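Each chain, letter by letter, is given below.
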Amino acid sequence: MNELFYTKEYLLEQLYALESVNPVKKITQPSDVLSSIQKYAYKTQEHFLSISLNGNHEVIDTIVVSVGLVNRTLVHPREIFRQAIFNNASAIIIAHNHPSGNMQPSAEDVQITKRIFEAGKIVGIEVLDHIIITNKGYYSFLEDGAL
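Please read these numbers as outputs of a predicted model, since none were measured by experiment.

Re a nonpolar patch on the surface
Argument step 1. A contiguous nonpolar surface patch, about 310 Å² in accessible area, is contributed by Ile 85, Ile 122 and Val 123.
Argument step 2. Within the secondary structure, Ile 122 is located in helix α4 (residues 107–123).
Argument step 3. By relative accessible area, which is 73% here, Ile 122 ends up exposed.

With respect to the pairing of strand β2 (residues 59–67)
Argument step 1. Inspection of the sheet shows strand β1 (residues 47–53) paired to β2 by 7 bridges, in the antiparallel sense. Bridge pairing in β2 places Leu 49 opposite Val 64.
Argument step 2. Two successive antiparallel strands, β1 and β2, enclose a turn made up of 5 residues, where His 57 displays a positive phi of approximately 60°.

Examining the sheet that holds β1
What holds strands together in a sheet is hydrogen bonding between their backbones, with the strands either parallel or antiparallel.
Argument step 1. The strand order β2-β1-β3-β4-β5 describes an open sheet built from 5 strands, whose pairing is mixed. Edge positions in the sheet fall to β2 and β5 (137–140), since each has one partner strand and no second. Strand-to-strand, the axes of this sheet are offset by a mean angle of 20°, without reference to chain direction.
Argument step 2. Packed on one face of the sheet, α4 meets β1, β3 (91–97) and β4 (126–134) and runs near 155° to β4.

Observations concerning the packing of aromatic side chains
Argument step 1. The tally for this structure, following the rule as stated, stands at 1 aromatic pair.
Argument step 2. Between Tyr 139 and Phe 141 the ring centres are 5.2 Å apart and the planes differ by 85°, which places this aromatic pair in the edge-to-face class. Residue Tyr 139 shares its accessibility class with Phe 141, and that shared class is buried.

Some thoughts on helix α3 (residues 77–86)
Argument step 1. Burial in α3 covers these residues: Pro 77, Ile 80, Phe 81 and Ala 84. Seen from one end, α3 has its buried residues packed into an arc of 75°, which puts them on one side. α3 presents Arg 78, Arg 82 and Phe 86 as exposed residues on the side facing more than 90 degrees away from its buried surface.
Argument step 2. Of the residues trailing α3, Asn 88 is marked for its positive phi of about 55°.

Definitions and limits used
- Residues numbered from 1 in each chain as written.
- Predicted model: local features only at pLDDT ≥ 70, side-chain atom pairs only at ≥ 80, totals over all residues.
- Heavy atoms only, no water.
- Patch = residues over 30% accessible without salt bridge, like charges linked within 9 Å, V, L, I, M, F, W, Y side chains within 5 Å.
- Areas by Shrake-Rupley, 256 points an atom, 1.4 Å probe, with all protein chains shown as cover.
- Salt bridge = Lys/Arg side-chain N within 4 Å of Asp/Glu carboxyl O.
- Helix = DSSP H or I, 4+ residues; strand = E, 2+ residues; numbered from the N terminus.
- Buried < 20%, exposed > 50% of the residue type's maximum accessible area, 1.4 Å probe, protein only.
- Pairing = 2+ DSSP bridges.
- Axes fitted to C-alpha atoms, helices over the stretch in contact; angles between N-to-C directions.
- Contact = heavy atoms within 4.5 Å.
- Phe/Tyr/Trp six-rings, centres within 6.5 Å; stacked < 30°, edge-to-face > 60°.
- Arc of directions from axis to C-beta.

Structure, rendered in structure tokens:
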């Protein structure tokens, strides 16, 4: 008997790849973006994402900017804004996963958020939020008043 075995991560990735018939396009609150990035909550390495939005806060594109280690990833504002500029985005939301399950931002998370926020002012693309996702939930810098 030939049995197939799939990892939990693989099955969840396949499930999230099948987007719903009516995906949320307009972002009005941090939780609106979760359905399109939730699959990264189950990754075993950190993935840093940039979500480009038009002037009506509708999602234009979501890209993986960087893939790192279990507990960190290197990211620079130029990589964050490259695709957003190409897409003529008016705003972005940045996000990354914490494979550890800890939703709280690290000191490095706070530092890079401030740096990207300031870079957004310079290039004219507003940074609306930084979301940290885990398999247990999410943390929003916006909702926490940290932006």
